[in-house]
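Next come the chains, spelled out residue by residue.
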Amino acid sequence: MGIGGIVFALCGLITALCARVSIGLRAAACAIYIGLLCACLFYARPYLSPAAARCAVVFVILPCALLCLPRVRRGLLGRKRLIGVCVLPCLLILLCASVWFAVNALRIMSAGPSFVVIVIDCLRPDHLGCHGYGRDTSPTIDALARVGRHYERAYASSPWTKPSVASLFTSLLPARHGLINSDHTASDRMLLLAEVLRNAGYTNLFINGGNVFLKKEFNLHQGFHRYDYLPHGAHSASDTVRVFLERVARLGGKKYFAYLHFMDAHAPYTVNRHNTRYAPKIIESLAPGEPATLLTLQREPDAPCNRDHDLRQYFVDLYDGQIRYIDEAIGGLLHGLTLLNRQENTVFIITADHGEEFWDHGSADHGHSLHNELLQVPLIIAGSPVRPARVSGPVQLIDIMPTVLDLAGVSRERLGLQGLSLIPGISAAVPDRTLYASATLYGPETWCIIENSSKLIYRSRNEQGKWSLAGPQAPEGYQLFDLGRDPAEQDDRIAAEGLPLEMENLLADYIRTEPLPSSGKSILVGGDDLRQQLKSLGYIQ
């Protein structure tokens, strides 16, 4: 509407000036209209939606018709009184309204885009259509991938939520920010993305769809003006979207940064109409929302899934239905922002905090290993300032903060960020970039390094601060995988190729990284309300 209003206002002005001139000048005016429209479409295309383009075309037809159709022109000029009493006031109102919409749109654009970061807990990229999955689980996400920058090799920095989201918010790896155990909280001295954006004039919204490790007790809400916690099970993705749209509607034209965390793809899942989309029949004792549906229970040596392939497939079917439900909720979010006239100048970032294992390496759930089914995540950045592209180079969640700051026009000098900006994507094209991950939740601490197609994992003996892990566990020491030939990481190359010295040294340097000074308090996860919520998500028994 804003772009169309600019064109309409200018065309209306030229129409008033050229109403009584010769046909030649009127033809020249029409040429100016067309040229003006083309210029607007060309220079404003990063901010122009298809609807706005159609408005601009409609607005330019009216003055051209008034100038070039003699009968229309003569009829209007012959009824000066009618024009004066009815038509001209209406045109004046339309002109003023269009100018107001145009000025308002330009004000929002010049102030920088708004941002919506959607983190889908436990989402594996290989279960999305844009990554080649056979099921139609993600039509909305796939559409965003087509019009935005789709990163095919994105990695989380940790296989569970708190250290992974802390890396997203700080652009620091877990060894640097230090939030690696269940009881760690963020220090007040830690600088988070929302705090930087708040100082740049953004209004920040945090809608937590039920992840306990993102509750206020862990202090990752610093810099957010509004924090909403919607307990898992009692709420679902549609509730998260509803709360988000209510908050945005109250902002008026203010630019904002919103973080939305969806929990529906996290076992024991939510009850919704897509539960039976892929599962032919719901098993009553393992229905969505039932405590027995927790994947952590399937790690036990005597768990039914250890001997029943059909039961494993049942859990995958439930999981895929949850993805489709979240995708539908994201479609509702986009539609809601369109109705609020807030979609055009908004950047959408779709990702996950980690993946999920479905017996890829003999276990289930997440937090217990650094294999790709837990580390590899989707990453899609879409919006008017972002050019569509499919990027195959390796990137990490620590790259989101510098990317957002660059798009917002906010300086990131002297912030000490470890990530790289992905806009215009130069860093994503570096084939030999080295990536790191660490901070397991269960069992001995584990670290890994990814360099080109090689991945080196080191599992230590140190279990201090970690939760016990039932079921199959990776061996102590080093594992080496060739991700190019063996993306599923089933063939350990250590025995055949030996330990690569350069990667060993780089990993050792990362392990020795000193964390930032912390004044954060430890949270007693064994107490009352928090313990019950952790139990409902399967983290503790």
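Residues numbered from 1 in each chain as written. Predicted model: local features only at pLDDT ≥ 70, side-chain atom pairs only at ≥ 80, totals over all residues. Heavy atoms only, no water.

1. Focus on helix H7 (residues 161-170)
So, step 1. For H7, a buried count of 10 out of 10 residues is recorded, marking the element as mostly surrounded by other parts of the structure.
So, step 2. Phi turns positive one or two residues past the end of H7, at Ser-171, with a value near 60 degrees. (Buried < 20%, exposed > 50% of the residue type's maximum accessible area, 1.4 Å probe, protein only. Helix = DSSP H or I, 4+ residues; strand = E, 2+ residues; numbered from the N terminus.)

2. Some words on the packing of aromatic side chains
So, step 1. Within this structure, the stated rule accounts for 20 aromatic pairs.
So, step 2. With 6.1 Å between their ring centres and 75 degrees between their planes, Phe-169 and Phe-206 make a pair best called edge-to-face. Separated by 37 residues along the polypeptide, Phe-169 in helix H7 and Phe-206 in strand S3 (residues 203-208) bring together distant segments of the chain. Note on accessibility: Phe-169 and Phe-206 belong to one class, buried.
So, step 3. Counting every residue linked through ring pairs, the aromatic cluster contains Phe-169, Phe-206, Phe-224, Tyr-227, Phe-257 and Tyr-259.
So, step 4. If you follow Lys-215 out to its NZ or CZ, it ends over the ring of Tyr-229, 4.9 Å from the centre.
So, step 5. It is Arg-299 that lies over the ring of Tyr-442; its NZ or CZ is 4.4 Å from the centre. (Phe/Tyr/Trp six-rings, centres within 6.5 Å; stacked < 30°, edge-to-face > 60°. Lys NZ or Arg CZ within 6 Å of the ring centre and 35° of its normal.)

3. Remarks on the sheet that holds strand S14 (residues 477-482)
So, step 1. Taken in spatial order, the 4 strands make up an open sheet running S11-S12-S13-S14, and their pairing is antiparallel. Looking at which strands have only one partner, the edges of the open sheet turn out to be strand S11 (434-438) and S14. In this sheet, neighbouring strand axes are inclined to one another by 15 degrees on average, regardless of whether the strands run parallel or antiparallel.
So, step 2. Sheet topology places strand S12 (residues 446-451) next to strand S13 (residues 454-459); 6 bridges connect them, and they run antiparallel. Its bridge partner being in S13, Ile-449 is matched across the sheet by Leu-456.
So, step 3. In this fold helix H15 (residues 501-511) packs onto S11, S12, S13 and S14, with an angle of close to 130 degrees to the strand it touches most, S12. (Pairing = 2+ DSSP bridges. Axes fitted to C-alpha atoms, helices over the stretch in contact; angles between N-to-C directions. Contact = heavy atoms within 4.5 Å.)

4. With respect to the pairing of S14
So, step 1. The buried count for S14 comes to 5 of 6 residues, which makes it a mostly enclosed element.
So, step 2. For S13 and S14, the ladder comprises 6 bridges, and the chain directions are antiparallel. Bridge pairing in S14 links Leu-456 to Leu-480.

5. Points about unusual backbone geometry
So, step 1. Here Ala-267 and Pro-268 are connected by a cis peptide whose omega angle stands at 15 degrees.
So, step 2. When you line up the elements, Pro-268 lands in the loop between strand S5 (256-262) and helix H11 (309-339).
So, step 3. Its identity as a non-glycine residue notwithstanding, Glu-489 has a phi of 55 degrees, on the positive side.
So, step 4. Relative to the helices and strands, Glu-489 is located in the loop between S14 and helix H14 (494-497).

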